[in-house]
Amino acid sequence: MLKDKFGRDINYLRLAVVDRCNLRCTYCMPENGLSWIKQKELMTDEEMIRICSVFTELGINKIRITGGEPFVRKNCINLIEQLSQLQGLDDLSITTNGLLTQEYIPRLKSFGVKSVNLSLDTLDPDRFFSITRRKSFDKVMNTLDSLIQHQIKVKINAVVMEDHNIDDIIPLVSLTRELPIDVRFIEEMPFNGTNAEVSLKWNYTRILDHIKTYFPGIEKIKDPKSSTSYNYKIPGYAGDIGIIAAYTRSFCGDCNRIRITPAGELRTCLYSNNGINLKDLLRKGKTDQELKDIIINSIQHKPKDGWEAEKSNIASSLIHQSMATIGG
């Protein structure tokens with residue numbers, strides 16, 4: 001098992017397979033998109049499989065496929081199938097916006113994908129267009145219905161934004177009355193690809209207080225080990241509620257996660273702006289053992305928390321990185 005210098009077991013890899021996305025969410029990127037990574041700089045399928053196999057041999061047993069939007073990548077479904085066959089991998093999951101996902105759900109089920117995080121910040125079609133700059137609300141809802149029908153665990157991820165979707169918090173909570181899903185509210189983060197600052201008015205505490213106003217009987221439930229969310233349940237409801245303190249970063253102490261960017265860079269913390277590029281090392285002919293040694297050394301330099309990582313960044317910029325570039 002991989003361990004960092006704080007004794008934390010590192011067993012969870014978030015693999016971003018592409019930086020491109022078919023939405024333009026205001027909290028993630030500018031309306032005109034980003035300066036996309038050149039094709040030759042992206043990892044090939046073969047490189048991703050090899051890098052992930054090195055990680056599973058080191059004890060990584062959970063991989064989440066992210067982007068950008070994963071299914072924008074050509075033949076992503078075939079890559080997912082190959083990843084599902086890695087020895088030592090117990091948990092393969094996906095984060096998606098749902099626009100291109102529905103047709104692949106039966107295959108995902110057959111590969112053993114048991115959990116999908118679905119980005120959905122509003123249940124109102126007009127607000128969906130305002131936030132995402134695309135008219136694709138129905139596609140996302142159809143994907144949600146299909147995932148439930150195929151008995152794949154669904155976690156809805158909703159970023160809470162002042163003046164955008166506050167009116168959606170209670171309707172999203174209400175989804176858990178009948179549906180066996182988790183709805184998770186996420187503090188807005190500064191990974192928007194612009195110089196716009198985020199509002200911290202709606203932090204974890206305020207989101208929870210707002211929900212309690214409408215559901216005073218909501219109860220705290222046990223948080224799984226290394227959970228990023230504080231979890232709750234309304235008695236008698238089929239699903240659960242989670243709140244992720246992504247900006248205030250109060251969950252960092254038990255972090256078990258690392259991530260690979262679409263360009264192959266190993267990031268040991270979301271808030272770090274630099275890391276070791278494993279793809280480049282692989283292309284230079286490094287052996288699997290050499291890669292393992294480099295990974296182990298990098299894990300030993302994993303920061304204590306997001307605040308420490310942010311302070312040690314090599315260079316600051318007026319432009320925040322986009323989550324699509326880092327890997328959502």
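Not measured: the values here are computed from a predicted model. Residue numbers run consecutively from 1 along every chain, following the written order of its sequence. In view of the model being predicted, local features appear only for residues whose pLDDT reaches at least 70, and side-chain atom pairs are presented and counted only at 80 or more, with totals across whole chains, interfaces and linings using the full set of residues. Processing note: side-chain calculations cover all non-hydrogen atoms of the structure and skip hydrogens and water entirely.

Asks: An account of the pattern of salt bridges is requested, with residue identities and associated values reported.
Replies: By convention in these notes, a salt bridge is any Lys or Arg side-chain nitrogen within 4 Å of a carboxyl oxygen on Asp or Glu. Counted according to the given criterion, the structure contains 15 salt bridges. Among the ionic pairs, glutamate 41 bridges to lysine 279, the shortest N-O distance being 3.2 Å. Of this pair, glutamate 41 sits in the loop between strand S3 (12-16) and helix H1 (45-57) while lysine 279 is found in helix H8 (residues 278-283), placing the two residues 238 residues apart along the sequence. Given a relative accessible area of 32%, glutamate 41 falls into the partly exposed group. Categorising residues by exposure relies on relative accessible area from a 1.4 Å probe, with only protein chains included: less than 20% of the type maximum marks a residue as buried, more than 50% marks it as exposed, and the intermediate range marks it as partly exposed. By relative accessible area, which is 1% here, lysine 279 ends up buried. In this structure, the salt-bridge partner of aspartate 280 is lysine 279, at a minimum N-O distance of 3.4 Å. Assessed through its relative accessible area of 31%, aspartate 280 is described here as partly exposed. Counting from the N terminus, the helices are DSSP H or I runs at least four residues long and the strands are E runs at least two residues long.

Asks: If you had to explain the packing of aromatic side chains to someone new, which residues and values would you point to?
Replies: Whether two aromatic rings pair depends on their centres lying within 6.5 Å, for rings of Phe, Tyr and Trp, where Trp uses its six-membered ring; planes under 30 degrees apart make the pair stacked, over 60 edge-to-face, and the rest tilted. Here the structure, examined in full by the defined rule, presents four aromatic pairs. Ring centres of tyrosine 204 and tyrosine 230 lie 4.7 Å apart, and the angle between their planes is 35°; this geometry places the pair in the tilted category. One end of the pair, tyrosine 204, is in helix H7 (residues 204-214); the other, tyrosine 230, is in strand S10 (residues 229-233), with 26 residues separating them in the sequence. Taken individually, tyrosine 204 and tyrosine 230 each receive the classification buried, so the pair is uniform in this respect. Against the face of tryptophan 202 rests arginine 206, its NZ or CZ located 4.0 Å from the ring centre. Only when the NZ atom of a Lys or the CZ atom of an Arg is both within 6 Å of the ring centre and within 35 degrees of the ring normal do we say a charge sits over the ring.

Asks: So what's going on with the environment of leucine 13? Which residues, and what values?
Replies: Following the sequence through the fold, leucine 13 ends up in strand S3. For the pair leucine 13 and serine 35, spaced 22 residues apart in sequence, the C-alpha to C-alpha distance is 25 Å.

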